[in-house]
Structures are given as structure tokens and as C-alpha cells.
Amino acid sequence: MDPKNGSSVTGFILLGFSDRPQLERVLFVVLLIFYLLTLLGNTSIIALSRLDPHLQTPMYFFLSNLSFLDLCYTTSTVPQLLVHLRGPDKSISFSGCVAQLFVALGLGCTECILLGVMALDCYAAVCRPLHYTVIMHPRLCALMASALWFTGFANSSLETVLIFLVPLCGKNKIEHFFCEVPPLLKLACVDTTVYESEILFFSMIFLFIPVALITFSYGRIVRAVLRIKSAAGQRKAFGTCGSHLTVVSLFYGTTIYAFLQPSNNHSQDQGKFVSLFYTIVTPMVNPFIYTLRNKDVMGAMKKVFCRGSI
């Protein structure tokens, strides 16, 4: 990929929130706290899934993948944002921008597929409990995890190449706090309709196939739960997948909203805050959503802490 891309661009300026210096100070403190909580929560999920034998199940295997993914996604953007919030230098190199976009797109695509696979796991647990261990065999889980990570980053490679083939004609000020598709396309000095159509096509594939899988899984789950006669059984079944459905709603809701924003100044500001939500807030709350009402995870935490205090 040619760093100059038909222009003199060798780096970019991430404008972010530079037009609001007072907000930058507040955001620095808030985002630093959120980032530390993200590291703590997701690292705890991964560690507990490794340490407690009761959590070495398909559900927690995929949850560990989600936690690792959230750690990577947040770390790919937030540390740089914190540096930019504290100083006048808002620059990022061309190669740094390419790498950031590649990682962000790869992790985003991977999470789309992962949430679909986790919905399938919920379906197997609720609708096929007697065959669950056969359906969600550890080898199959490992194969699905490998496939979704590979597919996510293969798609990211393609989209990243398409984005940086667009001529920029010297424009290098990105109206965002990290390198993302919509603000990068706004730097183009040519009609980007064809590029946008190609990117939209691939994005829709990675959006609607997991959504279809999630819809199918939860349609079957609801039907199965409604056939359970006892209220306690219904609560247990809904509790098994309720956390996942909350995470799905947060992720897809903010992502779709961000990419369907019209291109005007007001929506640019809105888009930055929506991006903050899915780059830092969602990865931070995911571990709490999965643990606050989960007796298995809370029990594992107590065991670890009790063992450490002996």
C-alpha cells in the first residue's frame, strides 16, 4: 500500500475533541477509569475461566474469547486517545492509521460472528440440553473460534485495502478520535460511491448473517422456554441467555446507529460519542453483565479469593 496514495499524505491528525478543551480534561479522567475497569473486568473473566474447572465449558470458552477481543479492541484505541487528550500532538502516522483501522475492523467483524456463535451455544444449552456436550464438543468450539477470528481479519484485510486505495489529495485531518471508515472516506477527493458500495456489501454480510443466526436461535429459545410449565424453570432458562442478549443489543444497537448516521456536523459530534460507547463503555460493562447475576462466576471468584487469603 502506497503511503502517499496519490497525494502527499504521510500521516494524519486525529481532531477528536480538540475543539472542546474543557471536555478533554473530563474525558481523560473518565476514560482512564473506564479503561482500567475494562482491563480488570475482562482479565478477571479470562483468568477465572482458566482457573475454575466448573467454568471450563463452551459458554465460558466463548465468553473468554469475547473478553480477550474486548481487551484488544479497547487497547487499540483508548491509550492513544488518552495521550491525545493530555497533549497538543494529535498526530498518527500513515502506517499507524492503517494498523489501527485493520485491527478495529478485524475485531469488530470477529465480534459480530462471535455473538452469533454464542447465540447458537445458548440455543443448544436451552433447546438441546441432553445433547449439549455432543453438539458443543470442545474440538468443534476450538474450530469455530479459529474460523471466526480468521474470517474477521480476512474481511478486515480486504476492507482496509479498499479504504486506502481512495485518493486523499493531501487531506489529512480526520474528524474523529481514531481511524475509522466513515471519517476516512470523508477525506477522499473523488466520488466514493463505488468504494462505499463495496465496503457496505461486505459489512452487511458480516452483520446480517450473525443477526439471522441470533434471531433463529432466540426464536427457538423463546418457544422452548414457553413450553416449560414451572416459573422457576422459565427464569433459569431466560437467565442462561439473558446476559448474552443484553450484550448483543448494546453492540449491534450502537454499531448500526454509528454507521447509519447522516454526514453533517451535528452527526459527526454524535458519532464520536457513539464510538466512545462501543469502544470503551460496552467492553467495560460486558464482564459486569455476565457476572452480576451469574452464580457460577461469583462462586469462582469467592474460591479464588479464599484460596489467595489462605
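Reading guide: rules and limits
- Residues numbered from 1 in each chain as written.
- Predicted model: local features only at pLDDT ≥ 70, side-chain atom pairs only at ≥ 80, totals over all residues.
- Heavy atoms only, no water.
- UniProt positions renumbered as here; feature names shortened; annotations may be inferred.
- Helix = DSSP H or I, 4+ residues; strand = E, 2+ residues; numbered from the N terminus.
- Expected span 1.5 Å × (residues − 1).
- Buried < 20%, exposed > 50% of the residue type's maximum accessible area, 1.4 Å probe, protein only.
- Contact = heavy atoms within 4.5 Å.
- Disulfide = S-S within 2.5 Å.
- Phe/Tyr/Trp six-rings, centres within 6.5 Å; stacked < 30°, edge-to-face > 60°.
- Core = buried A, V, L, I, M, F, W, Y, C linked by side-chain atoms within 4.5 Å.
- Pairing = 2+ DSSP bridges.
- Patch = residues over 30% accessible without salt bridge, like charges linked within 9 Å, V, L, I, M, F, W, Y side chains within 5 Å.
- Areas by Shrake-Rupley, 256 points an atom, 1.4 Å probe, with all protein chains shown as cover.
- Salt bridge = Lys/Arg side-chain N within 4 Å of Asp/Glu carboxyl O.
- Lys, Arg positive; Asp, Glu negative; His and termini not counted.
- Charge placed at Lys NZ, Arg CZ, Asp CG, Glu CD.

Per an unreviewed UniProt entry, the protein chain goes by the name Olfactory receptor 2B8 and belongs to Acinonyx jubatus. What UniProt records for the protein chain under Function (unreviewed entry) is the sentence "Putative odorant or sperm cell receptor."

J.: What is the right way to look at helix H6 (residues 138–163) in this model?
T.: Given 3.6 residues to a turn, an α-helix orients residues that are three or four positions apart in the same direction. Compared with the 38 Å implied by 1.5 Å per residue over 26 residues, the 38 Å span of H6 between its first and last C-alpha is a close match. Every buried residue belonging to H6 is among Cys141, Met144, Ala145, Leu148, Trp149, Gly152, Asn155, Ser156, Glu159, Thr160, Leu162 and Ile163, and all of these are buried. Of the surrounding secondary structure, the elements contacted by the buried residues of H6 are helix H2 (58–75), helix H4 (94–127), helix H7 (181–185) and helix H8 (193–226).

J.: Is there a simple way to explain the state of the cysteines in this structure?
T.: Such a bond, covalent and formed between the sulfur atoms of two cysteines, is termed a disulfide. Applying the stated criterion across every chain, the model contains one disulfide. Across the disulfide, Cys97 is cross-linked to Cys179 (sulfur-sulfur distance 2.0 Å). Measuring the twist about the S-S bond at about -125°, one finds the Cys97-Cys179 disulfide to be left-handed. Taken together, the residues span a long stretch of sequence, with Cys97 in helix H4 and Cys179 in the loop between strand E3 (173–174) and H7 at a distance of 82 residues. Of the two residues, Cys97 and Cys179, neither departs from the other in class, the shared state being buried. Between Cys109, a free cysteine, and Cys112, which holds the nearest cysteine sulfur, the sulfur-to-sulfur gap is 6.3 Å. By relative accessible area, which is 8% here, Cys109 ends up buried.

J.: Any chance you could explain the UniProt feature "transmembrane region" (unreviewed entry) in the protein chain here in plain terms?
T.: The UniProt entry lists residues 26–48, 60–82, 102–126, 147–168, 199–216, 237–260 and 272–292 under the feature "transmembrane region" (unreviewed entry), expressed in the numbering used here. The span residues 26–48 carries 100% helix and 0% strand; its end-to-end C-alpha distance comes to 33 Å. Helix and strand shares over residues 60–82 are 91% and 0% respectively, and the end C-alpha atoms of the span are 31 Å apart.

J.: What is the right way to look at the packing of aromatic side chains in this model?
T.: What describes a pair of aromatic rings is the distance from one ring centre to the other and the angle between the planes of the rings. One pass over the structure, following the stated rule, counts 11 aromatic pairs. With a centroid separation of 5.2 Å and 65° between ring planes, the pair formed by Phe61 and Phe62 is classed as edge-to-face. Using a relative accessible area of 32% as the deciding quantity, one classes Phe61 as partly exposed. Residue class for Phe62 comes out buried when judged on its relative accessible area of 0%.

J.: What exactly am I supposed to notice about the nonpolar core here?
T.: The nonpolar side chains of a soluble globular protein tend to be buried with one another. Residues Leu31, Phe62, Leu115, Ile221 and Tyr252 are the most contacted members of the largest nonpolar core, which totals 61 residues. Considering each element in turn, this core owes the most residues, 15 residues, to H4. When residues no more than four places from it in sequence are discounted, the contact partners of Ile221 are Cys122, Tyr123, Val126, Cys127 and Cys241. Leu14, Leu101, Cys179 and Leu187 belong to the second-largest nonpolar core, a separate cluster that totals 21 residues.

J.: Would you take a moment to explain H4 for this structure?
T.: Between its first and last C-alpha atoms H4 spans 49 Å; for 34 residues at 1.5 Å apiece the expected length is 50 Å, and the two agree. Burial within H4 is extensive, with 27 of its 34 residues counted as buried.

J.: Can you walk me through the pairing of strand E1 (residues 11–14) in this structure?
T.: Two faces belong to every sheet, and in a regular strand the side chains alternate between them. Two elements, E1 and strand E2 (residues 91–93), share three bridges in a ladder whose sense is antiparallel. Counted as the bridge partner of Phe12 is Ile92 from E2. Sheet topology places E1 next to E3; two bridges connect them, and they run parallel. Following the sheet pairing, Ile13 is matched in E3 by Lys173.

J.: Would you mind showing me how to read the sheet that holds E2 here?
T.: Across a sheet, paired strands are connected by hydrogen bonds in the backbone, their directions being either parallel or antiparallel. Strand order in this open sheet of three strands is E2-E1-E3, and the pairing throughout is mixed. Taken across any chain shown, the strands that pair with only one partner, and hence form the sheet edges, are E2 and E3.

J.: What's the story with a positive patch on the surface in this structure? I'm lost.
T.: Taken together, the side chains of Arg128, Arg220, Arg223 and Arg227 define a basic patch exposed on the protein surface. As for its placement among the helices and strands, Arg227 is situated in the loop between H8 and helix H9 (231–259).

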